[in-house]
Structure formats: C-alpha cells, structure tokens
Amino acid sequence: MLEGEKVTKHFGGLVALSEIDFEINRGEIVGLIGPNGSGKTTLFNVISGLYKPESGQIRFEGTLINGLPPYRIAQMGIGRTFQIVRPLMDLSLIQNVAIGVMYGRDDINTLPHALERASELLRFVGLESKAYLLPGKLALEDLKRLEIARALASKPEIILLDEVFAGLNQKEIEAAIALTFHIRDRFGITVFMIEHVMKAIMETCSRIMVLHHGEKIAEGEPQAVANDPRVIQAYLGAGYVGR
Amino acid sequence: MPSWPRSSLFAGAMIVLLALAIFPWLGAPVYFVSLLFTVFMYVCLATSWNLIGGYAGYLSFGHVAFFGIGAYTTALLVKGFHLSALETILSSVPAGFVAMLVALLVGYPCLRLRGPYFAVVTLCFAFVMDLLIKNLNFLGGPEGLWLKSMDLPIQTVRAILFEAMLGVTALSIAVAYWTDRSKFGAGLRAIREDEEVAQTMAINAPKLKMQAFALSAFFPGMAGGIYAYYLTYIHTDVVFDMMISILIVLMALFGGGGTLLGPIIGAVLLTLINEGLSTFVKAELARIIYGSLFVGVIIFLPNGIMEFFRRTQGESPH
C-alpha cells in the first residue's frame, strides 16, 4: 500500500537518505531500525511530507505523494507520531484528539461528536481518566500514548510510529506491545515503526528494514536481520561480527 | 468558560444588545455616546484581531491598516457616488470586503512567515499603506479628506452611526462565538500550538490561516468606514495611527488571547481606564498607572485576565 522507490534526501552536502526502496503491505507491522543518525526519522518526515525528497518516488495506494503538503498526505490516510512528543500544550488531551477527529477521515465535523470519539480513543490508549488534563501534567509514557491517540484520531490507513517505546520501562513496553497489536487488529491499521527496543521489534514485527548512513543495508524477518553480519557491524563495529 | 444553556446565553446577549441600542435615543450627553462608540470600536477591533492573533497565534501588528483601508474606501464611495444617509451606512460593507481582499493579497506571502517575522512584516505593511495613501492626491494625500455629513440633525447622525458600530461589533462577536466552538476555531488552535503537527493532523493550515486573516480584516474594514463618517474628516495620521495597531494587540492579550471574552473584556477595560485616567488623574501620573497595570497583569496573569476565571473554575475547558 505504501512504497518508495530510490527515495533520496540531502541536507546540504549530507546524504540523509540514499536511494531507499521500501514497500509496506496492508496489514503488516514493519520495523525500521538503525543506529542514531541513520536516517529513520528523516524517512518518516519525507513520507509524511514534512521534508521533500530530492529524488525518487513515494506512492500510497498507487498515487504519487512526494511533493504533496503534509495535510494532504494525512488526509489520504497516513498518520504519524513524533519521536520527541509534540502535544498541543494549551489544549487538554481530549481536545488534542478531538481536533484530529474533526479534521480526519471520519465524517465527524461537530465538536460534541468529536469529543465523544476522542474519549473512545483515549480509553483505547488508556488515558480516559486524564482526558481533561493538560499535556504538561503527564509523564512521558502517557504523552506517547497521546501521540498514538492523536494519530489514530484522523483514522489513518497506515500509522508511522516513531520510537513510541523509547524511554519506557519493562512493564510499559509490554503494554505498548499489546497496544501496537491492537492498533492493527482492532482498527485494521497497518503499522510502520521506528524502534530501538529490540524486544518490541522482535515480538511485533513481521519484517524489519535496517538503515545505516542513509542506506538500506538489510531487510527481512526479525531473526534473520538480527543475525545479519552487516547489521551487527553497523551497530557494534566489525569486531563483533561472528562472535 | 461556563457552559450556560445556549438559549439563556442568547437571550442575555439580546437584552444587553437592546439596552445598548436604545442608549443614544435617551438623550444622554454626547460625551457618553461618544465614549461608548469608542468602546464598541475597540471591542470590534480586538475581537477581530483575536481570530488570527489569538486563535491562530499569528500576531498581526498591522491591523490598523485594514481599519484605515475601510475608512478610505467608504470615503471614496460616499464622495464618488453621492450616497444618501442609509447608503452611507451600507457603504461600510464593501469597505469590509476591500479590507478582506487586501488581507488575502498581503496574507498570501506574509502568512508563510511565523512568529516575530510575521509580526514585523505586518507592522511594515501598515507603515507602507500609511505612506502610500499619504502620497495619493486623489485620496487627499497629506491634507486628509473631508466628508460631507448626512443631511440630518447631528444627534440623529451620531445615533445612527452608533447603531451601525454596535451592529458591526455584535456581528464580529457572533463570528468569534461561532469560531470559538467550531471546527474552524479548533483547527486554528492547533495551528497556534504547533503548525507542523497540525498539518500531520490533516489540517489545511495555509488555507485556514488565510481564512482567519481575511475574516479578521473584514470587521476592522467596516468599523473604519463607520468611524470615517463619525469623524467626517479622515487623515492617514488618524486612521493609520500605529498606536491603534498596538492597542488592539494589547487589549486582546490583556483580556486573554484565543478566548471569546478576553478581547471584549480587554477592550472595554482599557478604553474605560484610559478615559478615566485622562479625565481624573494628572497626565504624568496617568501614564504611570496605565503602565503599571500592564506590568501587573503580565506578571500575575501572563495569559490575560481570562486566565483568572479559568483558574478559579479548574482546568476543564468544557
């Protein structure tokens, strides 16, 4: 449903993404991993339209989307979260989500209906008791849940999760894993996720892509990728390969 | 905001409106009619400004330009077509549309800028408009423009213009009320908080900003038209006075930007306080008191007076 062909993005002289090919099929949970600075978030920003790629093509359901403004891409059904959480600080959680509902692909345009739907979504991510608080009162785990609820509010076909597991403890990771499966199984939303927490990746993803210095160095099933010498080299250095 | 039933809210607003509407016909001294006229004008200006400045967070420091454009448009229409009394009042409507059109033209490039850049470029826009009109001879240039008053007794003319300003103000508040609880207003709030995030929430930010900016220019345009006729003489130094631009922003933020009642409270309080101080207190002292008031509000209620009510009511915005 989402495919990229030779997607390239430069920042000045730095090649952030170099001819990346990818394809996400409907109903999959696909992981995107790679060391810091390898271009993962850049790829998400290019897909969601915040950056324009220098060359290459990105298609969603067969339609070319690169170069479209971010709101158009979101309207088409690509939702996302932000790695560094970006709640709308002056608005309560339920308002954060309700605005997404009103502008989303659900045919809900009035505030009372949107608030109703928003409170359902907050219940889904486990924030219903904090619905009327401001985001400033929340801990990081809850803010990540808010990011997810807000992305779901637009009723996307595919959701790009940018490190929603980072900074969470063991118990919270378990809950987040369950949530990831719920997103796909209950809402029928395809998931493309950036993750560093290997436990989360191994348990949720059917397929993983690995970026390193803006290039795709490996792709495949989690177990195979984790044992791939190029991946180990990228993360730990050449000395660890084969140990 | 307290959530009274909609019907009683509407009834209350109607009663207030009616009471204000009969005021000039009761034979009150001109001073009070004039003062109330000024209050309405600032309520209208601050409320309109709030649409783009408060809800969307784009601080326009050039809103006086729309006021001035409205004033000159009305003056031209009245002079060019020799309008009757009723037509004179109605000519403020096209004045509003001209201001709106200018806002669309100016907004298209300017709304790409954010934060202080937008504030500065709108400030410059107002200066440029001022200079432009000063140099156009058919608009009176540096001499200003005299307008023929209606062929009616002066009290009646004042009362008619009073009603017109009240009407425009009520209309601007009605639009702000609708904005406050509509999808449109919700989108603007998201833009204010984080425009990039708003876009990823499928909000067409460029379009919404343009709409808000155009709408926020319409009412000042109309108000400018009515004001021109109230003065019967307009000059760029009066209707493009930078102090008006700054006052609009101060009033809206003093009361509370991005809230329905904030700009109304701010405009009423500041106009009355300013008037009271200049009447009862020595000029030097008046400035000091006026200034300290701002300092006080900014220190204790940085989000405006409305924050005080929100605090006492707890955090729930609904």
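Look above for the structure.
The structure reproduced in this document is the subject of the present report. (Residues numbered from 1 in each chain as written. Chains lettered and ligands numbered in written order. Predicted model: local features only at pLDDT ≥ 70, side-chain atom pairs only at ≥ 80, totals over all residues.)

Before going further, it helps to spend a moment on the overall build of chain A. A count of helices and strands for chain A gives nine helices and 10 strands. Computed over the C-alpha atoms, the radius of gyration of chain A is 18 Å, within 12% of the 18 Å expected from 2.2 N^0.38 for a compact globule of 243 residues. Seen through its principal axes, chain A has C-alpha atoms that stretch 55 × 40 × 30 Å. Classification of the 243 residues of chain A by burial places 47% in the buried group. Considering only contacts within chain A whose residues lie at least 6 apart along the sequence, 63% involve residues at least 24 apart. (Helix = DSSP H or I, 4+ residues; strand = E, 2+ residues; numbered from the N terminus. Rg over C-alpha atoms; globule rule 2.2 N^0.38 Å. Buried ≥ 20, exposed ≤ 12 C-beta atoms within 10 Å, placed from the backbone. Contact = placed C-beta atoms within 7 Å.)

Let's shift gears to the sheet that holds strand 2 (residues 14–24) of chain A. All names here are of chain A. With respect to topology, four strands assemble into an open sheet ordered 2-1-4-5, the strand pairing being antiparallel. Each of the sheet's edge strands pairs with one partner strand only, and the pair in question is strand 2 and strand 5 (63–64). Of the strand pairs in this sheet, strand 4 (residues 55–60) and strand 5 are connected by two bridges, and their pairing is antiparallel. Following the sheet pairing, Arg59 is matched in strand 5 by Leu64. Of the strands in this sheet, strand 1 (2–11), strand 2 and strand 4 are in contact with helix 1 (residues 40–47), which crosses strand 2 at around 65°. (Pairing = 2+ DSSP bridges. Axes fitted to C-alpha atoms, helices over the stretch in contact; angles between N-to-C directions.)

So, about the pairing of strand 7 (residues 158–162) of chain A. All names here are of chain A. The buried fraction of strand 7 amounts to five of the five residues, a majority that puts the element mostly inside the structure. Of the two faces of strand 7, the one lined by Ile158, Leu160 and Asp162 and the one lined by Ile159 and Leu161 are each fully buried. Pairing of strand 6 (residues 78–80) with strand 7, which is carried by three bridges, proceeds in the parallel orientation. If you follow Ile78 over to strand 7, its bridge partner there is Ile158. Bridge count for strand 7 against strand 8 (residues 190–194) is five bridges, and the pairing is parallel. Bridge pairing links Asp162 to Ile194 in strand 8. Chirality of the crossover, the property in question, places the unit of strand 7, helix 6 (residues 170–187) and strand 8 among those that are right-handed. (Right-handed = clockwise from strand over helix to strand, strands pointing away.)

This next bit is on the nonpolar core. Residues and elements named next belong to chain B. Judged by nonpolar contacts, the single largest core of 162 residues is most densely connected at Met165 and Ala223. Here this core takes 15 residues from helix 10 (residues 205–231), the largest share from any one element. Not counting residues within four places of it along the chain, the set of residues in contact with Met165 comprises Phe37, Phe40, Met41, Ala223 and Ile226. (Core = buried A, V, L, I, M, F, W, Y, C linked by C-beta atoms within 7 Å.)

Buried accessible area, meaning the area lost when the parts come together, often serves as the stated size of an interface. Taken together, the contact pairs 20 residues of chain B with 27 residues of chain A. Elements represented by at least two residues in the side of chain B that touches chain A include exactly helix 8 (183–193) and helix 9 (195–200) of chain B. Ranked by residues supplied to the side of chain B that touches chain A, first place goes to helix 8 of chain B with six residues. Of the residues assigned to the side of chain B that touches chain A, the class counts are eight nonpolar, five polar and seven charged. (Nonpolar A, V, L, I, M, F, W, Y, C, P; charged D, E, K, R; others polar.)

All names here are of chain B. Packing of helix 2 (residues 30–55) against helix 7 (residues 154–180) leaves a shortest axis separation of 9 Å and a crossing angle of 25°. Put simply, helix 2 runs roughly parallel to helix 7. Considering how the two elements wind past one another, helix 2 and helix 7 form a crossing that is left-handed. Packed against helix 2, whose contacting residues are Val33, Phe37, Phe40, Met41, Val43, Cys44, Thr47, Ser48, Asn50, Leu51 and Tyr55, the element helix 7 presents Arg158, Phe162, Met165, Leu166, Val168, Thr169, Ser172, Ile173, Ala176 and Thr179 at the interface. (Parallel < 35°, antiparallel > 145°, perpendicular 65-115°, else oblique. Left-handed = near helix turned anticlockwise from the far one by under 90°.)

Attention now moves to the sheet that holds strand 8 of chain A. Residues and elements named next belong to chain A. Within the open sheet, the six strands sit side by side as 6-7-8-3-9-10. Their pairing is mixed. Whereas interior strands pair on both sides, the edge strands pair on one side only; in this sheet they are strand 6 and strand 10 (215–220). On average, each strand axis in the sheet is tilted by 20° relative to the strand beside it, whichever way the strands run. Packing against the sheet, helix 9 (residues 229–236) makes contact with strand 9 (207–212) and strand 10, and its axis sits at approximately 130° to strand 10.

Quick look at the pairing of strand 8 of chain A now. Residue and element names in this part refer to chain A. With five of five residues buried, strand 8 lies mostly within the body of the structure. Judged from the four bridges that link them, strand 3 (residues 29–33) and strand 8 form a sheet pairing that is parallel. Residue Val30 lies in a different strand from strand 8, and its bridge partner there is Phe192.

One turn of the α-helix equals 3.6 residues, which is why residues spaced by three or four share an orientation. Helix length check: helix 6 (residues 115–134) of chain B, at 20 residues, gives a terminal C-alpha distance of 29 Å against a target of 28 Å (1.5 Å per residue), a fit within 8%. Elements that come into contact with the buried residues of helix 6 of chain B comprise helix 3 (64–81), helix 5 (92–110), helix 11 (236–239) and helix 12 (242–255) of chain B. (Expected span 1.5 Å × (residues − 1).)

Next up on the list: the packing of helix 3 (residues 93–103) of chain A against helix 4 (residues 111–125) of chain A. Residue and element names in this part refer to chain A. Between helix 3 and helix 4, the least distance of the axes is 8 Å, while the angle of their chain directions is 115°. Relative to helix 4, the crossing made by helix 3 is right-handed. For the pair helix 3 and helix 4, contact is made by Leu93, Ile94, Val97, Ala98, Val101 and Met102 and by Leu111, Ala114, Leu115, Arg117, Ala118, Ser119, Leu121 and Leu122, respectively.

Turning to the environment of B:Ser278, a few remarks are in order. If you trace the backbone, B:Ser278 turns up in helix 13 (residues 261–280). Taking the C-alpha atoms as reference points, B:Ser278 and B:Phe218, separated by 60 residues in sequence, lie 31 Å from one another.

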